[in-house]
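Structure at a glance
Chain residues, written in single-letter form:
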Amino acid sequence: MLPMTDDLLRYRSEFPILDRTTYLISNSLGAMPRGVYDALKGYADTWATRGVRAWEERWWMLAVEVGDQIGTLMNAPRSSVSTHQNVTTCQQVVASCFDFSGKRNKVVYSDMNFPSVMYFWQAQQANGARVHMVKTDDGITVPTARLLDAIDEQTLLVPISHVIFRSAYINDAKAIIEKAHKVGAHVVLDTFQSLGTVPVDVAALNTDFACGGVLKWLCGGPGVAYLYVRPDLGNKLQPKFTGWFAHQNPFGFEVGPMRYTDPPFRFMNGTSHIPSLEAAVPGLKIITEVGVERIREKSIRQTSKLIALAERHGWRVNTPRDPEKRGGTVSIDMPDAPEVCRELLARDILVDYRPQAGVRMSPHFYNKDEELETAIAAVEEILKERAVAAR
Ligand SMILES: Cc1ncc(COP(=O)(O)O)c(C=O)c1O
């Protein structure tokens, strides 16, 4: 039987690396679209020929255009998404909108968050934040009931991952956001591991903030992260991590108190990362054209296949079996997983290893079913070779 979504394979020719490798690492770095060559050449040509006029003609508004393109993928209204360099910076922008000196100063999250986000919030204890971290029981899921219990009247912020980077578990974002709102707290939803592979609807979720980057599932390369701020908050909040891009009259170069402009510039600060923004455009265009619904359908089929193959070999799968609770990655903890990962890389099968997860395999819309079989067969062969060598 032919897979229903095989027509997505026609996009393979857009990604040069797919000819040379078995590319199963879109959870870490999505494949580069060939259009990036032209996008970066265009950037250099613009700089070379238009010089400083490039700001007015293209660059100043590029951050907004890219933000809007990302916003379309998560049902965010125009001008509600600002762009930044990385997710950690997005956390800083959000933190700077709040005051941690009062009674409501608790920050609640799960230990399954991405570590950079946790390092950031732990460091905010020096500014008065009280961190409450809920621990996972099984290394795969987040104990939702305990997380909800921890969100109380003193909670200011709940920074949580939508999809967990280690296990691909999909957090119950709706329940977390509802509880947070019931007690007057705000949620910062990290959609880095969901947007582009799992449907995200910030309006339906009613999240206060959403952030992520484009370099993984959105095939946009390093250097561009996004921050969605719900429009009713966007016009009220005043980030203290700010700068001239957020000023009502940036070219007035006024001396004196800050006068905030409207979103999305309101949440920006200094000069934009233009080359990264240019490089992000081709990937966003392709993902938009393919559509996240089709990507998700194929992802569920392929991750299910990977789980079945891994289980056939008796390897531990650190990813939810229920597709409704699983993002785009399958974490497989076979014996000697770090060494197996290194050997897979040497064979041009691109995956990664994460402690407490195993080897992460992440098929995207451009992967063939045969590539999953190739990767699993290679693991089997490597383990056999290692067993023979150990004798
Ligand atoms: C869920 C999640 N959040 C954040 C990050 C990265 O954060 P930053 O953009 O600050 O490097 C990653 C992965 O790199 C991630 O998987």
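Residues numbered from 1 in each chain as written. Predicted model: local features only at pLDDT ≥ 70, side-chain atom pairs only at ≥ 80, totals over all residues. Heavy atoms only, no water.

Observations concerning the overall build of the protein chain
The number of helices and strands found in the protein chain is 12 helices and 13 strands. Rg of the C-alpha trace for the protein chain: 22 Å, near the compact-globule value of 21 Å for 391 residues, within the 12% margin. Relative to all contacts within the protein chain whose residues are 6 or more apart in sequence, the contacts with residues 24 or more apart total 71%. With an accessible surface of roughly 16,700 Å², the protein chain has 54% of that area assigned to carbon and sulfur atoms. (Helix = DSSP H or I, 4+ residues; strand = E, 2+ residues; numbered from the N terminus. Rg over C-alpha atoms; globule rule 2.2 N^0.38 Å. Contact = heavy atoms within 4.5 Å. Areas by Shrake-Rupley, 256 points an atom, 1.4 Å probe, with all protein chains shown as cover.)

Some thoughts on the nonpolar core
Core analysis: the largest hydrophobic core is formed by 45 residues, its most contacted members being Phe15, Met74 and Phe365. Secondary-structure elements contributing two or more residues to this core are helix H2 (53–73), strand E8 (225–229), helix H9 (274–290) and helix H10 (292–312). In contact with Phe15, not counting residues within four places along its chain, are Ala31, Met32, Pro33, Cys219, Ile286, Phe365 and Tyr366. Ranked by size, the runner-up nonpolar core spans 27 residues in total, among them Cys97, Phe120, Leu157 and Leu237. (Core = buried A, V, L, I, M, F, W, Y, C linked by side-chain atoms within 4.5 Å. Buried < 20%, exposed > 50% of the residue type's maximum accessible area, 1.4 Å probe, protein only.)

A few points about the packing of helix H1 (residues 35–50) against H2
Close contact between H1 and H2 brings their axes to 9 Å; oriented N to C, the two are set at 155 degrees. In this view, H1 runs roughly antiparallel relative to H2, as classed from their interaxial angle. In this structure, the crossing between H1 and H2 has a hand that is right-handed. Across the interface between the two elements, Tyr43, Thr46, Trp47, Thr49 and Arg50 of H1 pack against Arg53, Ala54, Glu57 and Trp59 of H2. (Axes fitted to C-alpha atoms, helices over the stretch in contact; angles between N-to-C directions. Parallel < 35°, antiparallel > 145°, perpendicular 65-115°, else oblique. Left-handed = near helix turned anticlockwise from the far one by under 90°.)

What about unusual backbone geometry?
A cis amide bond links Pro263 with the next residue in sequence, Pro264, at an omega value of 0 degrees. Tracing the backbone shows Pro264 in the loop between helix H8 (231–234) and H9. Backbone geometry at Asn75 places phi at a positive 55 degrees, although glycine is not the residue there. Note that Asn75 resides in the loop between H2 and strand E2 (81–84). According to the relative accessible area criterion, Asn75 is partly exposed, its value standing at 42%. The backbone phi angle of Asp348 is positive, close to 65 degrees, even though this residue is not glycine. Overall, Asp348 belongs to the partly exposed group, its relative accessible area being 40%.

Focus on the sheet that holds strand E9 (residues 316–317)
The strand order across the open sheet built from four strands is E9-E10-E13-E12, with neighbouring strands paired in antiparallel fashion. Each of the sheet's edge strands pairs with one partner strand only, and the pair in question is E9 and strand E12 (352–354). Looking at chain direction, E9 and strand E10 (residues 330–333) are connected through two bridges and run antiparallel. The residue bridging Val317 from the neighbouring strand is Ile332, located in E10. (Pairing = 2+ DSSP bridges.)

Things to note about helix H12 (residues 369–390)
Helix length check: H12, at 22 residues, gives a terminal C-alpha distance of 32 Å against a target of 32 Å (1.5 Å per residue), a fit within 8%. The set of residues buried in H12 consists of Asp369, Glu371, Leu372, Ala375, Ile376, Ala378, Val379, Ile382 and Leu383. Residues of H12 that are buried make contact with strand E1 (22–23), H10, E10, helix H11 (337–346), strand E11 (349–350) and strand E13 (358–361). (Expected span 1.5 Å × (residues − 1).)

Notes on the pairing of strand E3 (residues 106–110)
In terms of residue burial, E3 counts as a mostly covered element, since five of its five residues are buried. Covered by surrounding structure in E3 are Lys106, Val108 and Ser110 together with Val107 and Tyr109, the residues of both alternating faces. Pairing of E3 with strand E4 (residues 130–134), which is carried by five bridges, proceeds in the parallel orientation. Residue pairing in the sheet places Val107 in a bridge with Val131 of E4.

Quick look at the sheet that holds E2
Each strand in a sheet pairs with another by means of backbone hydrogen bonds, the pair being arranged parallel or else antiparallel. Strand order across the open sheet formed by seven strands is E2-E8-E7-E6-E5-E3-E4, with mixed pairing between neighbours. Strands at the two margins of the open sheet, each flanked by one partner only, are E2 and E4. The average undirected angle you get between the axes of adjacent strands in this sheet is 20 degrees. Sheet analysis places E3 next to strand E5 (residues 155–161), joined by two bridges and oriented parallel. Its bridge partner being in E5, Val107 is matched across the sheet by Leu157.

Let's talk about the site of the ligand
Every residue near the ligand is listed here: Asn86, Val87, Thr88, Phe114, Ser161, Phe165, Asp190, Phe192, Gln193 and Lys216. Between the ligand and the protein, one listed contact pairs an oxygen atom with a backbone N or O atom of Val87 at 2.8 Å. One of the side-chain nitrogen or oxygen atoms of Lys216 is found 2.9 Å away from an oxygen atom of the ligand. In terms of residue class, the shell around the ligand is made up of four nonpolar, four polar and two charged. (Near = heavy atom within 4 Å. Polar contact = N/O pair within 3.5 Å; in protein donor to acceptor, adjacent residues only side chain to side chain. Nonpolar A, V, L, I, M, F, W, Y, C, P; charged D, E, K, R; others polar.)

Brief notes about the state of the cysteines
Within this structure, the stated rule accounts for zero disulfides. Here Cys90 is not disulfide-linked; the sulfur of Cys211 is the nearest cysteine sulfur, at 5.2 Å. Assessed through its relative accessible area of 0%, Cys211 is described here as buried. (Disulfide = S-S within 2.5 Å.)

Regarding H1
In a regular helix each residue adds 1.5 Å, so 16 residues correspond to 22 Å; H1 covers 22 Å between its end C-alpha atoms and thus fits that length. Three or more residues of H1 are buried, namely Val36, Ala39, Tyr43 and Thr46. One face of H1 carries all of its buried residues, which in axial projection span an arc of 85 degrees. The exposed residues of H1 that point more than 90 degrees off its buried face are Tyr37, Asp38, Lys41, Ala48 and Thr49. Each element contacted by the buried residues of H1 is listed here: H2 and H9. With its phi angle positive at about 55 degrees, Gly51 sits one or two positions after the end of H1. (Arc of directions from axis to C-beta.)

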